[in-house]
Amino acid sequence: MKVSEFKQNRLDDFAAEKEKEVKDNPFIRTPFGLSRDGNQISSWQMNYNRIGLFSISSGKNIFGKSDMILINVPSTYTGIDPLAKDLPFGWDGKINEYVAEMAVWWAFELLSDEEAVEFLNTHKPVVEFTYFDSNGPGEICVKYNGSFWEIIG
């Protein structure tokens, strides 16, 4: 199932559906899921992993780990630029709403829950995920709509 074929546009609903699809098939990998486990990793390590994966499998992650995720946080529609200098971020966990929000915290260097809630509601940021899965390279773009992270592309 491609992102464009998914009827729901909430990121966590899509992640749960993808996780359910691959549960019974060990040969299919997905970077989507509801787990909050994972670590932000250096851009150097992420690029090294991606080059190795691409050269070994011609761009398809058949049996490897599904942790080839880059996270980019662009400027908001209100004109606020990210403060982080190391974009895109590397991530070795799953893609979901929790990670989208954490990426905003990292990119805009937010320090408290109150600051984050105000920032999300005022600026409605976008987060872009680039990944490899069983079908090869992919990307998904999500935007905070005031209630949840909505898939926009």
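Everything that follows concerns the structure shown earlier in this document.
Everything numeric here is computed off the predicted structure, so don't read it as measured data.

Caption draft 1: Spotlight on the sheet that holds strand 4 (residues 126–133). The six strands are arranged 1-3-2-4-5-6 in an open sheet whose pairing can be described as antiparallel. Strands with a single pairing partner mark the edges of an open sheet, and in this sheet they are strand 1 (40–41) and strand 6 (149–151). For strand 1 and strand 3 (residues 89–91), the ladder comprises two bridges, and the chain directions are antiparallel. Residue pairing for strand 3: Gln40 is matched across the bridge by Trp91.

Caption draft 2: Geometry of the packing of helix 3 (residues 97–108) against helix 4 (residues 113–123). In the contact formed by helix 3 and helix 4, the axes pass within 11 Å of each other and the chain directions differ by 100 degrees. The pairing of helix 3 with helix 4 is recorded here as roughly perpendicular in orientation. In this structure, helix 3 uses Glu101, Val104, Trp105 and Phe108 to contact helix 4, whose residues at the interface are Asp113, Ala116, Phe119 and Leu120. A breakdown of the residues in the contact of helix 3 with helix 4 according to their chemical character gives six nonpolar, no polar and two charged.

Caption draft 3: Representation of the pairing of strand 5 (residues 136–144). When strand 4 meets strand 5, the two strands line up antiparallel, connected through eight bridges. When the bridges of strand 5 are listed, Val127 appears paired with Val142. In textbook terms, the turn of a hairpin is the stretch between consecutive antiparallel strands, and for strand 4 and strand 5 this stretch comprises two residues. Here three bridges tie strand 5 to strand 6, and the two strands are oriented antiparallel to one another.

Caption draft 4: Expanded view of the nonpolar core. Grouped together as the largest cluster of nonpolar side chains are 30 residues, with contacts concentrated most on Leu11, Ile71, Val127, Phe129, Ile140, Val142 and Trp149. Those elements that place two or more of their residues in this core are helix 1 (11–22), strand 2 (69–72), strand 3, helix 3, helix 4, strand 4, strand 5 and strand 6. For this core, the leading source of residues is helix 3, giving seven residues.

Caption draft 5: Structural detail: the side chain of Thr76. With respect to the helices, strands and loops of the structure, Thr76 is situated in the loop between strand 2 and strand 3. A relative accessible area of 7% places Thr76 in the buried class. At 2.8 Å, the side chain of Thr76 and the side chain of Thr78 are in polar contact. Those residues in contact with Thr76 that sit more than four places away from it in its chain are Phe108, Phe119, His123 and Pro125.

Caption draft 6: Focus on the pattern of salt bridges. Tallied over the entire structure, the rule returns two salt bridges. For Glu97, the salt bridge is made with Arg10, and the minimal N-O distance between the two is 2.7 Å. Taken together, the positions of Glu97 in helix 3 and Arg10 in the segment before helix 1 put the pair 87 residues apart, joining distant regions of the chain. A salt bridge links Lys18 to Glu21, with the shortest nitrogen-to-oxygen separation between them at 3.5 Å. Of the two residues, Lys18 and Glu21 are both situated in helix 1; the distance of three residues between them amounts to about one turn of the helix. Among the residues examined, Glu21 registers a relative accessible area of 32% and is labelled partly exposed.

Conventions used here
- Residues numbered from 1 in each chain as written.
- Predicted model: local features only at pLDDT ≥ 70, side-chain atom pairs only at ≥ 80, totals over all residues.
- Heavy atoms only, no water.
- Pairing = 2+ DSSP bridges.
- Helix = DSSP H or I, 4+ residues; strand = E, 2+ residues; numbered from the N terminus.
- Axes fitted to C-alpha atoms, helices over the stretch in contact; angles between N-to-C directions.
- Parallel < 35°, antiparallel > 145°, perpendicular 65-115°, else oblique.
- Contact = heavy atoms within 4.5 Å.
- Nonpolar A, V, L, I, M, F, W, Y, C, P; charged D, E, K, R; others polar.
- Core = buried A, V, L, I, M, F, W, Y, C linked by side-chain atoms within 4.5 Å.
- Buried < 20%, exposed > 50% of the residue type's maximum accessible area, 1.4 Å probe, protein only.
- Polar contact = N/O pair within 3.5 Å; in protein donor to acceptor, adjacent residues only side chain to side chain.
- Salt bridge = Lys/Arg side-chain N within 4 Å of Asp/Glu carboxyl O.

Geometry only, nothing functional implied.
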